[in-house]
Structure formats: structure tokens, C-alpha cells
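Structure at a glance
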Amino acid sequence: MTAMHRGLNHPQSRAVGGDAMTPILMVLICLGLSLGPRTHVQAGTLPKPTLWAEPGSMISEGSPVTLRCQGSLQVQEYRLYREKKPASWVRRIQQELVKKGYFAIASITWEHTGRYRCQYYSHSWWSEPSDPLELVVTGAYSKPTLSALLSPVVASGWNVTLQCGSRVAFDNYILCKEGEDEHPQCLNSHFHPRGWSWAVFSVVPVSLSRRWSYRCYGYDSSFPYVWSLPSDLLELLVPGQIPDRSFLSVQPGPTVASGENVTLLCQSQGWMHTFLLTKEGAADPPLRLKSKRQSHKYQAEFPMSPVTSAHAGTYRCYGSRSSNPHLLTHPSEPLELVVSAETFSPPQTKSDSKAGAADTLGLSQNNSDPKTASHSQDYTVENLIRMGMAGLILVVLGILLFKPQYSQRSLQDAARR
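Conventions we followed
- Residues numbered from 1 in each chain as written.
- Predicted model: local features only at pLDDT ≥ 70, side-chain atom pairs only at ≥ 80, totals over all residues.
- Heavy atoms only, no water.
- Helix = DSSP H or I, 4+ residues; strand = E, 2+ residues; numbered from the N terminus.
- Buried < 20%, exposed > 50% of the residue type's maximum accessible area, 1.4 Å probe, protein only.
- Contact = heavy atoms within 4.5 Å.
- Areas by Shrake-Rupley, 256 points an atom, 1.4 Å probe, with all protein chains shown as cover.
- Polar contact = N/O pair within 3.5 Å; in protein donor to acceptor, adjacent residues only side chain to side chain.
- Phe/Tyr/Trp six-rings, centres within 6.5 Å; stacked < 30°, edge-to-face > 60°.
- Patch = residues over 30% accessible without salt bridge, like charges linked within 9 Å, V, L, I, M, F, W, Y side chains within 5 Å.
- Salt bridge = Lys/Arg side-chain N within 4 Å of Asp/Glu carboxyl O.
- Pairing = 2+ DSSP bridges.
- Axes fitted to C-alpha atoms, helices over the stretch in contact; angles between N-to-C directions.

Regarding its fold elements, the chain presents 4 helices and 27 strands. In the chain, which comprises 417 residues, the proportion classed as buried is 31%. Across the chain, contacts joining residues at least 24 apart in sequence account for 67% of those joining residues at least 6 apart. Carbon and sulfur atoms provide 56% of the accessible area of the chain, an area that totals close to 27,000 Å².

This is the structure we're talking about:
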């Protein structure tokens, strides 16, 4: 859509002859000198208006937003339009609000998004179009994860690498600095064969004059103004800016068995509002706890109960103050936590040993292989058959031996008679 201009209608010059032309020219010259500046303002291009969104141009889905257009001169009418695609919702705005440059959206959806410009009409002329405003809706997809490669604790003046990633296959990622209107960084995504996507951003050197907090978003290139939920806030931290050092210790000790309860204790002699615990090589944000005063020291306890092999590693802690929470003390000395995979059991008594042996025996019997149990049953049946056959044979042999003896005794008895 291009700016529309309405020109002034100028009367056509009529041919005038001879001497009558001289006084007319003098009158016109005088009028031109007196009206010259005013005519120049009208005939020239009007200054472009300012277009902005309240409360902002990135709005969560379902929230209200108002686009405001303001001209620098006496305005008779405003016009708001969307590039590439007409915005039908604009035509439904009340004319009283349109004349004041108010274009309100009660509940934003993806249909309201896009790239907008506005113009105003004054003294029979349309102004130049405003600078573009990109209206974005967030919350259409699940939030990505933002992390600092290596660590969010960085030295002042160093470049920092941030990674934004998601299990959603986004085409692009946006990195926005919290609390500032600077243009966000946009990068194309890298893709993993399993469907993951990510983008790696390089952040300019960190200075001490301001806080460095970031969020990232993902979106599909088919809908460039429809973004995901924002990632969790990631704040970059600068150590060594408070003239104090924290001390880190562990209870019950630096070497523990898996499943034990462990507590890391961070302490400082000077006043600290918050203590932070970091793990070397972990991209997760540091753990934060408010300090408590105890035994003339400020401290915070970081419990890990129960510990697993994932807790093993090298830890450091820092202190910070509420006035500048992104500025930290010097780091504590590194503390290496070793987590053993073996668990230690108390010695058993004789009764426990017998019970354990019985349980073990019962367990081994209950957990025997079904095939072995089937074979055992087969062997038992065969043995019973064999024993039965042996008994039957013994009975038959007994009968055979008893019969001749009985016949011989019968003959002897008959002879005696």
C-alpha cells in the first residue's frame, strides 16, 4: 500500500494581452512573496508520524494491545494498514478513536500479527508512512531452553555464546535482551535427526554498567510473527567485582556414597544478600539462596539429598548484593565432590546371617528358571515309576520263591499221613 496524496487545484492561467499583463504580474509576484512559505508547507511532503504499541509490540496470546499513531501537525484523520495483507479488524474500530490515532485490540491472536504502518491527513495532504511496526504474538508453542555454553558466569569484556534449543523443529530462533528496545537477533536453526533444533548466538562483550539478561523464542518461517512462549530468563554474571571472597565446604565430606545426604556450605565474612552455587561445565543457571547470619558469618546451605552420580563434579560459590545482583565476589576455591557407586552396610549378626541365608535360599528357589523346575518335576515322576516297577518285581519274585516251598511242604505232609 502506498501513500495517497491529494493535490491542490490550481486555476488555469488565462492569456492576457499587452499592457494589462504588467499590473497582474506585479500583483501575483507580491502574493507569491507573502504566501510563499505557507504554500511550500502545503505543497511539500508532510513529516511521517510515529507508530508504537502499548504495552509493547510482543504480546502474549489473548492479551490486549493498542496501536498508537501520532502526527506532528494538526491532524484531521489517521490511517493504519498492514503490509502484504489487509487488516480487516482495523475497519471495525470506532471512528472517534481512529481520528485520535487509537487502534485497540481486545484479545490478540495470530490473525492480528504482521508488519504495520500508519499515516495522517492534514491540510489536504497525506503524510509519509511511519516506520514499520512488527506486531508479534507469543505463546503459540512450548518454550525453548536458553543456556550459556561453558557457564553463565563470564569475565567482563569477553564474548559469550548462548544456545537456544527446543524439541520442536523451529525454523528460526530470536534472542531478545531484557529491558531494552534494541533489535533482537534472529538466526536460522540447526536440526538434529531426531527432530530437535537449536541456534547459537554470540553476545557482544559484557560490560559492568548494565545487567545482561536474555530470553529466546522459536518460530516457524511460514508464520514469522507467531512465536513460542519465552524461554526462562538467563542472566550473565560478572565475578570479581565485589572485594570479597566466598568459602565453600561440604558435609559430611568430599567423598560420599550414592544415596547419602550432602550439604554444600557457602560462607563469607562480609555482608552478602545472596549466595550462588555453580557446577563446572553445567549450562544450567546457578543455584541461588539468600544468606543468613550465623556465628559472625554470612552463609547459605545448599542441600543435595540424596546424592547420585549426577551430582559429582567441581563446584564454586559466589556472593552478590541486592544493589547489583549481576556483580559477584571472587569465586571460592574449587571443591570436587566424588560420589561412589557402592553403598556401605552395617555388619550383620548371626541371626541376621541366618535370616539372610534363609531369604537368599528362598529367593533362589522362587527365582529358579521355569525350565529347570519343569525338568525337576519330570525327574521325580520317573523315579516314582522306577520305584514302583522295582516293588512289583520284588513281589513277583517273592511269589515265585514262596510257591515251590509251599508245594514241597504239602508233599511231605501227605507222605507222613
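This part takes up the side chain of S166. As for its placement among the helices and strands, S166 is situated in strand β10 (residues 160–166). The class of S166 is buried, set by a relative accessible area of 11%. Polar contacts involving the side chain of S166 include one to the main-chain amide nitrogen of V168, which spans 2.9 Å. Sequence-distant contacts of S166, defined by excluding residues within four places in its chain, comprise P144, Y173, W196 and S197.

Another aspect to go through is the packing of aromatic side chains. The description of two aromatic rings rests on the distance between their centres and on the angle between their planes. Tallying each qualifying case throughout the model produces 7 aromatic pairs. Between Y121 and W126 the ring centres are 5.1 Å apart and the planes differ by 45°, which places this aromatic pair in the tilted class. Taking the relative accessible area as the measure of exposure, Y121 reaches 11% and is therefore buried. Ring centres of Y141 and F170 lie 5.3 Å apart, and the angle between their planes is 75°; this geometry places the pair in the edge-to-face category.

Before going further, it helps to spend a moment on a nonpolar patch on the surface. Taken together, the side chains of I385, M389, L392, I393, L394, V396, L397 and L400 present a nonpolar region at the surface, about 790 Å² in accessible area. Tracing the backbone shows M389 in helix α4 (residues 370–416).

Quick look at the sheet that holds strand β23 (residues 292–294) now. Ordered in space as β18-β20-β24-β23, the 4 strands form an open sheet in which the pairing is antiparallel. In this open sheet, the two strands that pair with only one neighbour each are β18 (247–251) and β23. The average angle at which neighbouring strand axes cross in this sheet is 35°, direction not considered. In terms of strand pairing, β18 meets strand β20 (residues 262–268) through 5 bridges, oriented antiparallel. From the neighbouring strand, F247 faces β20, where its bridge partner is Q267.

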